[in-house]
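Report on the structure
Given next are the chains, with one letter for each unit.
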Amino acid sequence: MTTTPQTNATLEQIAHIILEHDSFAICGHVSPDGDCLGSQLALWHALRSLGKQATCLLVRDEPIARSLGFMPGIDQMIPASAYAGEPEVFVGVDVPSRERIGEDACAVLDGCSTSITLDHHAYDMAMCQHVYVDPDSASASMIIWELVKTLCDEPPVESALCAYTGIVTDTGGFRFQNSDESAFIVAGELVGFGVDPAFVATNVFQSRTLASVKLEAVMLDRIQLNTEHRYAISYIVEKDYEETGASKSDAEPLIDALRSICDLRVACMLREQDGVVRGSLRAKDETDVASLARELGGGGHKAAAGLTLHMTIEEAIELMHAKIAGLLG
Ligand code: 5GP
Ligand code: MN
């Protein structure tokens, strides 16, 4: 376990700070994934079991992926824009920067006297006062679980379920490069706390809408495969959502179909969304796609990164071909 230079507190110190306070806003990143929501909710259940006041904030008023709707407490999360509380402590989980929490959550952060970051994204700045970032941790929810065990004599089973979901989603069901010994050890421990792995897997991996699968068919038809550099790009445009009846979150699993192609080193999914293009990058070998994402204003992990491109989809496709071929060349 190696923490980043921005780390200035241990989990024990952060637990002490939490125990000294009563009210909390727990925030993740825009377009929250299973690790983000799982981290927020795992901490939320723990704080509530300690009698604390806590609210989980959504950066935007956007629907949550239905595959994650089973997590207990998810229906009580509220958009930062609708939040009128004045908590003492802001806790940012699975998120390194102000850009990733947006204006409304930044206002909440700025109104708090104490702020804490618990994350696994390496980032060159610190958004909060008290920082714990371990980029070697497969998921942020593993860090949260450690903290929950420090905070609670009897960690709630709901925290265990949400933390387990974070591990499963961020490791792609223990298939990605970050699926290390600790991920398995912590997952095993969580199963010991009563989590049912089949229940989580059924929800996370086998609860797609038909529209999402139809959207995937559209995406598969557009794959641009570069066999020389071994990467693939595909894309979705706004009208595809209308034609298939898919929602924005229905597009999330598509990158997994793209990356499943044999012999690929990098998969890139581009999605037209509200006048910009969102991109997802995945590396299947040691290629560092986060460096490419950062160069273009995004970020993430070595093997899984994302970015927003302010250009047309055609320009974005051309740019990504040039950048990925350059990276792999
Ligand atoms: P996804 O492709 O699933 O949206 O994101 C993959 C990873 O990259 C996640 O860890 C996510 O937090 C991170 N990520 C995605 N988009 C951005 C972005 O625009 N900026 C930064 N800093 N990280 C991103
Ligand atoms: Mn994460």
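Residues numbered from 1 in each chain as written. Chains lettered and ligands numbered in written order. Predicted model: local features only at pLDDT ≥ 70, side-chain atom pairs only at ≥ 80, totals over all residues. Heavy atoms only, no water.

1. A short note on the coordination of the manganese ion (ligand 2)
- Protein coordination at the manganese ion (ligand 2) comes from Asp35 (OD), Asp94 (OD), His120 (NE2) and Asp170 (OD), with a distance range of 2.2 to 2.4 Å.
- Each donor residue of the manganese ion (ligand 2) belongs to the same chain, and together they define the spacing D-x58-D-x25-H-x49-D. Pair noted here: Asp35 is in helix α2 (residues 34-49) and Asp170 is in helix α5 (residues 157-170), with a separation of 135 residues, a long-range link. An identical accessibility class is assigned to Asp35 and Asp170; each is buried. (Donors = N, O, S within 2.8 Å, 3.2 Å for Na, K, Ca; no water. Helix = DSSP H or I, 4+ residues; strand = E, 2+ residues; numbered from the N terminus. Buried < 20%, exposed > 50% of the residue type's maximum accessible area, 1.4 Å probe, protein only.)

2. A closer look at the sheet that holds strand β5 (residues 114-119)
- Spatially, the 6 strands line up as an open sheet ordered β3-β2-β1-β4-β5-β6, and their pairing is parallel. At either margin of the open sheet sits one strand with a lone partner, and together these are β3 (78-79) and β6 (130-133).
- Docked against the sheet, α2 engages β1 (23-27), β2 (53-58) and β4 (89-93), running at close to 170 degrees with respect to β2.
- Relative to the sheet, helix α3 (residues 102-111) contacts β1, β2, β4 and β5, its axis offset from that of β4 by approximately 135 degrees. (Pairing = 2+ DSSP bridges. Contact = heavy atoms within 4.5 Å. Axes fitted to C-alpha atoms, helices over the stretch in contact; angles between N-to-C directions.)

3. Re the domain arrangement of the protein chain
- In terms of domains, the protein chain is made up of domain 1 (11-205) and domain 2 (210-328).
- If you average the C-alpha positions of domain 1 and of domain 2, the two centres end up 26 Å apart.
- Each side of the interface is counted separately: domain 1 has 6 residues, and domain 2 has 10 residues.
- For the pair domain 1 and domain 2, the summed buried area comes to about 760 Å², and 42% of that belongs to carbon and sulfur atoms.
- When the buried area of domain 1 at its contact with domain 2 is split by residue, His121, Phe176 and Gln177 rank highest and sum to 52% of it.
- Counting across the domain 1 and domain 2 interface gives 0 salt bridges.
- Put simply, domain 1 and domain 2 have 3 residue pairs in polar contact (both at pLDDT 80 or more) between them.
- Residues of the side of domain 1 that touches domain 2, tallied by class, amount to 2 nonpolar, 3 polar and 1 charged. (Domains from an automatic or database assignment. Buried area = accessible area lost by both parts, 1.4 Å probe. Salt bridge = Lys/Arg side-chain N within 4 Å of Asp/Glu carboxyl O. Polar contact = N/O pair within 3.5 Å; in protein donor to acceptor, adjacent residues only side chain to side chain. Nonpolar A, V, L, I, M, F, W, Y, C, P; charged D, E, K, R; others polar.)

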